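# Working through the structure, step by step
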Amino acid sequence: MRIESRSNETIKRVRSLSSRKGRQEQGMHLAEGYKLVQEALSSRMPITQAFIEDGSEGSELEVALAESGSNVYTVSKHVMEAICQTKTPQWVCAVVKTPKTEFPSHTPQQGMLIALDTIQDPGNLGTIIRTADAMGAKGVLLSEGCADAYSPKSIRSAMGSTYHIPLWRVGLKEALQKLHIDGYCCICGHLQGQEALPHLTDRCVIVIGNEGSGVAEVIAALCVPVRLPIYGRAESLNASVAAGILMYEVAKAMHEHKKS
């Protein structure tokens with residue numbers, strides 16, 4: 001089916017996914033570009049609709065999308081530009097059903113989890129999700145004040161990792177208390193923390209705080225505070241950079257424990 005008008009009702013519904021309200025109402029989000037659409041497909045995410053720009057060479061992907069049960073539309077260039085948030089969109093995008101984000105009653109038996117306390121920048125959020133995926137994290141906990149992990153900017157920054165690991169919306173205090181009972185060591189990045197990591201075994205939660213105010217006191221009280229040493233003149237690190245360094249060090253320590 002071909003769509004040439006921006007005022008088409010299907011296109012209007014897709015465009016509403018640019019807002020958090022639209023995503024919540026529809027339970028959907030938009031994946032823009034070949035890589036993200038391919039990642040959604042390979043991760044077996046439910047894709048309800050796909051849009052391919054007229055004249056593009058995407059026959060293999062188009063077939064795969066159709067075989068997945070997606071409704072595939074051909075659109076003109078100006079319609080594709082209306083759908084996507086990027087200034088120069090690629091030739092394909094897709095509407096993906098957003099996974100359920102409730103915290104599971106049974107926590108992972110072992111591994112590293114990342115908990116985010118009011119991370120508000122969608123670019124930081126997506127970058128942290130990507131790094132968590134690379135470091136082998138079993139899931140990411142998002143506090144109620146966090147940015148939307150399925151916003152266009154977060155999705156692009158995560159580069160497909162959004163579809164690789166579970167993302168859970170939680171009341172962070174209650175979730176950390178439960179994880180502590182389940183044997184998890186909770187650590188957080190904190191300017192007043194110790195430089196050395198505590199002894200780590202096979203269960204660890206890393207808490208990353210808000211870009212401006214850091215980890216809330218009520219959350220920090222549940223954790224072992226850890227400080228990354230800074231040798232230059234900068235007062236602090238970007239939240240996603242600090243998260244990446246801390247994740248690397250924790251993952252390394254946990255792997256060394258596994259070998260011993």
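Quantities reported herein were computed from a predicted structural model and do not represent experimental measurements. (Residues numbered from 1 in each chain as written. Predicted model: local features only at pLDDT ≥ 70, side-chain atom pairs only at ≥ 80, totals over all residues. Heavy atoms only, no water.)

### A look at helix α8 (residues 172–181)
Heads up, the rule is: Whether a residue is buried, partly exposed or exposed follows from its accessible area with a 1.4 Å probe, protein chains only, as a fraction of its type maximum: under 20%, in between, or over 50%, in that order. Numbering goes from the N terminus for both helices and strands, where a helix is a DSSP run of H or I of at least four residues and a strand is a run of E of at least two. The arc in question is traced by the directions running from the helix axis to the C-beta atoms. Note on definitions: a residue-residue contact is assigned when non-hydrogen atoms from the two residues lie within 4.5 Å.
Considered for burial, the residues of α8 that qualify are L172, A175, L176 and L179. Taken down its axis, α8 places every buried residue within 95° of arc, on the same side. Facing away from the buried surface of α8 by more than 90 degrees, the exposed residues are E174 and I181. For α8, the secondary structure elements touched by its buried residues are β6 (111–116), β7 (139–143), β8 (167–170), β9 (185–194), β10 (203–208) and α9 (217–220). G183 sits one or two residues past α8 and shows a positive phi near 95°.

### Side note on the nonpolar core
Quick reminder of the rule: In these notes, a set of buried Ala, Val, Leu, Ile, Met, Phe, Trp, Tyr and Cys residues joined through side-chain atoms within 4.5 Å is what counts as a nonpolar core.
The biggest cluster of nonpolar side chains holds 47 residues, and the ones touching the most others in it are M112, I114, L116, I206 and V250. Element by element, the count of residues in this core is highest for helix α10 (residues 239–259), at seven residues. Filtering out sequence-adjacent residues up to four positions away, I114 remains in contact with I128, A132, A137, G139, V140, L141, I206 and M247. L113, W168, L176 and L179 belong to the second largest nonpolar core, which has 18 residues in total.

### Quick look at the pairing of strand β2 (residues 28–32)
Our working definition: The pairing criterion is simple: DSSP has to find at least two bridges between the two strands.
In terms of residue burial, β2 counts as a mostly covered element, since five of its five residues are buried. Every second residue of β2 is oriented toward a common face, with M28, L30 and E32 on one face and H29 and A31 on the other, all of them buried. Note that β2 and strand β5 (residues 92–97) share five bridges and pair antiparallel. Looking across to β5, one finds that A31 is bridged to A94.

### Structural notes on the environment of K100
Its location among the elements puts K100 in the loop between β5 and β6. For the pair formed by K100 and G27, sequence separation is 73 residues and the distance between their alpha carbons is 9.1 Å.

### Section: unusual backbone geometry
Residue R44 is not a glycine yet carries a positive backbone phi of 60°. Looking at the element boundaries, R44 is found in the loop between α3 (34–42) and β3 (47–53). We classify R44 as exposed; its relative accessible area is 75%.

### Structural notes on the pattern of salt bridges
Keep this limit in mind: Salt bridges are defined by distance alone: a side-chain nitrogen of Lys or Arg within 4 Å of a carboxyl oxygen of Asp or Glu.
All chains considered together, the criterion is met by eight salt bridges. Taking the shortest distance from any N to any O, the salt bridge between R23 and D148 comes out at 2.7 Å. In this pair, R23 sits in helix α2 (residues 20–26) while D148 sits in the loop between β7 and α7 (152–158), placing the two residues 125 residues apart along the sequence. The class of R23 is buried, set by a relative accessible area of 8%. D148 gets classed as buried once you look at its relative accessible area, which sits at 13%. Between K178 and D182 there is a salt bridge whose closest N-O contact spans 3.2 Å. The structure contains a network of salt bridges with shared partners spanning R2, E4 and D54.

### Things to note about the environment of Q90
Quick note on the threshold: Under the rule applied, a polar contact is a pair of N or O atoms within 3.5 Å (in protein, one hydrogen donor and one hydrogen acceptor; residues adjacent in sequence only if both atoms are side-chain atoms).
Position of Q90 among the secondary structure elements: in the loop between α5 (77–83) and β5. The spatial distance from the C-alpha of Q90 to the C-alpha of L61 is 13 Å, given a sequence separation of 29 residues. With near-sequence residues (within four places) excluded, Q90 lies in contact with G33, Y34, E53 and M80. Polar contacts involving the side chain of Q90 include one to the main-chain amide nitrogen of Y34, which spans 2.9 Å.

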